[in-house]
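Summary of the model geometry
Each chain, letter by letter, is given below.
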Amino acid sequence: MKKFIIAFTLLLSSCNFSSRFNDQDDINKGKELAGKYYAHQKNRSYGEVSAMCGAELNGDDAVQLLQQIENNWGKCLEVNFVSGQSSIKEKNGEVKGEIDLNYKVKYENSTNTESIVLKYVNNELKIAGIHSTPEK
């Protein structure tokens with residue numbers, strides 16, 4: 001039994017593992033990526049957004065989504081950060097996790113609540129999803 005405890009302790013100590021929840025640095029990294037997304041949206045440089053997307057939201061779908069948003073609600077005029085949450089795990093230099101950001105976005109014809117989901121892909125933060133809902 002003593003050998004098992006020693007071996008288990010050595011195994012745990014050899015793994016570098018940490019978890020962070022709602023860490024402001026992680027949320028700020030997410031806000032930086034979302035800021036680039038909204039800058040491209042305002043400039044209508046939709047092709048630039050495709051490189052920012054992960055597997056869940058491929059670049060072509062993102063471009064199509066941006067075109068649909070503009071067709072429905074007009075040009076993006078103003079973006080205001082509302083809130084953010086993060087859940088990040090690091091193990092042996094590999095980062096995994098998700099950052100959820102919420103914005104209030106004013107378009108020419110609508111004011112929307114938008115959620116942007118970001119995930120780490122190969123230690124790089126990517127857009128995994130965008131959800132836009134008009135306020136009533």
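Residue numbers here run from 1 along each chain, matching the order of that chain's written sequence. It should be noted that, the model being predicted, local features are given only for residues of pLDDT at least 70 and side-chain atom pairs only at 80 or more, the latter also being counted only at that level, while totals for whole chains, interfaces and linings use all residues. Hydrogens are left out, water is left out, and the side-chain values use all remaining heavy atoms of the structure.

Some thoughts on the nonpolar core
Within soluble globular proteins, side chains that are nonpolar generally end up buried alongside one another. Here, nonpolar core means buried Ala, Val, Leu, Ile, Met, Phe, Trp, Tyr and Cys residues that are tied together by side-chain atoms lying within 4.5 Å of each other. Each residue gets one of three labels from its accessible area relative to the maximum for its type: buried under 20%, exposed over 50%, partly exposed in between, using a 1.4 Å probe on protein chains only. One finds Tyr37, Leu101, Tyr103, Ile116, Leu118 and Ile127 to be the most contacted residues of the largest nonpolar core, which totals 29 residues. Counting from the N terminus, the helices are DSSP H or I runs at least four residues long and the strands are E runs at least two residues long. Going through the elements one at a time, helix H2 (24-43), helix H3 (46-50), helix H4 (59-73), strand E2 (76-91), strand E3 (94-107), strand E4 (111-121) and strand E5 (124-134) are the ones with two or more residues in this core. What makes two residues a contact is simply this: any of their non-hydrogen atoms within 4.5 Å. Not counting residues up to four positions away in its chain, the partners in contact with Tyr103 are Lys31, Ala34, Tyr38, Val79, Asn80, Phe81, Val82, Asn112, Thr113, Glu114 and Ile116.

Notes on the packing of aromatic side chains
One pair of aromatic rings is described through two measures. These are the centre distance and the angle between the planes. What counts as a ring pair is set by centres within 6.5 Å for rings of Phe, Tyr and Trp (its six-membered ring), and what kind of pair is set by the plane angle: stacked under 30 degrees, edge-to-face over 60, tilted for all other angles. Applying the stated rule across the entire model yields 4 aromatic pairs. Ring centres of Tyr38 and Tyr103 lie 5.2 Å apart, and the angle between their planes is 65°; this geometry places the pair in the edge-to-face category. In this pair, Tyr38 is assigned in helix H2 and Tyr103 in strand E3, connecting sequence segments 65 residues apart. In terms of burial, Tyr38 and Tyr103 fall into one category: buried. Given a relative accessible area of 5%, Tyr103 falls into the buried group. By the ring-pair criterion, three or more aromatic residues cluster together here, those being Tyr37, Tyr38, Phe81 and Tyr103.

Regarding unusual backbone geometry
The bulk of non-glycine residues show a negative phi, and the bulk of peptide bonds are trans. If you check the backbone angles, Arg44 has positive phi at about 60° while not being a glycine. Mapped onto the fold, Arg44 is located in the loop between H2 and H3. Positioned with a positive phi, Asn92 is a non-glycine residue whose angle comes to about 50°. Within the element layout of this structure, Asn92 appears in the loop between E2 and E3.

Overview of the pairing of E3
When DSSP finds at least two bridges between two strands, those strands are taken to pair. Pairing analysis gives 14 bridges linking E2 to E3, with the strands arranged antiparallel. By the bridge assignment, Glu90 is partnered in E3 with Val95. Adjacent in sequence and paired antiparallel, E2 and E3 are bridged by 2 residues, among which Asn92 carries a positive phi angle near 50°. In this structure, E3 lies alongside E4, joined through 9 bridges in antiparallel fashion. Paired with Glu98 across the bridge in E4 is Lys119. Connecting E3 to the next strand, E4, in antiparallel fashion are 3 residues.

Considerations on the environment of Asp100
Mapped onto the fold, Asp100 is located in strand E3. Taking the C-alpha atoms as reference, Asp100 lies 9.9 Å from Ile130; in sequence the two are 30 residues apart. If sequence neighbours within four positions are ignored, Asp100 has contacts with Ser83, Gly84, Gln85, Ile116 and Val117.

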